[in-house]
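Okay, here's what each chain looks like letter by letter:
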Amino acid sequence: MNQEDIIIHLTANEHEIGSLRHRVNKMESQVDAINKLTVSVNTLAGSVRDLLEVQKSQNDRLCRLELRPATEARDARREIIRAVVSTLTGALIGAVITALTHM
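Residues numbered from 1 in each chain as written. Predicted model: local features only at pLDDT ≥ 70, side-chain atom pairs only at ≥ 80, totals over all residues. Heavy atoms only, no water.

*Asks:* Teacher, can you tell me more about the overall build of the chain here?
*Replies:* Broken down by element type, the chain carries one helix and zero strands. In terms of overall size, the chain is more extended than a compact globule, its C-alpha atoms giving a radius of gyration of 44 Å where 103 residues would be expected to give roughly 13 Å. Counting only C-alpha atoms and orienting by the principal axes, one finds that the chain spans roughly 145 × 20 × 10 Å. Taking all 103 residues of the chain together, 1% fall into the buried category. Accessible area for the chain stands at about 9600 Å²; split by element, carbon and sulfur atoms hold 62% of it. Once the 13 positive and 13 negative side-chain charges of the chain are each reduced to a mean point, those two points are 17 Å apart. (Helix = DSSP H or I, 4+ residues; strand = E, 2+ residues; numbered from the N terminus. Rg over C-alpha atoms; globule rule 2.2 N^0.38 Å. Buried < 20%, exposed > 50% of the residue type's maximum accessible area, 1.4 Å probe, protein only. Areas by Shrake-Rupley, 256 points an atom, 1.4 Å probe, with all protein chains shown as cover. Lys, Arg positive; Asp, Glu negative; His and termini not counted. Charge placed at Lys NZ, Arg CZ, Asp CG, Glu CD.)

Next comes the structure, spelled out in structure tokens:
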């Protein structure tokens, strides 16, 4: 190899190295963008998970609120039945006592 071939070879290598540097710089910016995207997706996943927990809690609360009127109505019916049964029982006992005392 003579000096001219070496110069041509070195020039070709410098050109190739410049091209490789450009590619590496471009890849570095792409890797940075991918890293930022990964962090954003991770943050978004955390937010969605938190939102799901809040939604689940609100759903439980809504179910309890929807069941409250039915529960209150059932309790009121029980109290009415108890009052009627107590009144009838008291009246029956009173009638039996009255009948026994008049005998």
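*Asks:* Would you explain a nonpolar patch on the surface in this entry?
*Replies:* Together, Leu92, Val96, Leu100 and Met103 line one region of the surface with nonpolar side chains, adding up to about 480 Å² of accessible area. Its place among the elements puts Leu92 in helix α1 (residues 3-101). Given a relative accessible area of 56%, Leu92 falls into the exposed group. (Patch = residues over 30% accessible without salt bridge, like charges linked within 9 Å, V, L, I, M, F, W, Y side chains within 5 Å. Salt bridge = Lys/Arg side-chain N within 4 Å of Asp/Glu carboxyl O.)

*Asks:* Would you explain α1 in this entry?
*Replies:* Residue pairs three or four apart in sequence face the same way in an α-helix, which turns once every 3.6 residues. Along its 99 residues, α1 runs 143 Å from first to last C-alpha, staying within 8% of the 147 Å computed at 1.5 Å per residue. At Arg68, α1 shows its maximal bend, which comes to roughly 35 degrees, and the proline Pro69 appears one to four places after that position. Two to three positions downstream of the cap, the backbone nitrogen of Glu4 sits 3.2 Å from a side-chain oxygen, assigning the N-cap of α1 to Asn2. (Expected span 1.5 Å × (residues − 1). Bend = angle between axes of the 7 residues up to and from the residue. Polar contact = N/O pair within 3.5 Å; in protein donor to acceptor, adjacent residues only side chain to side chain.)

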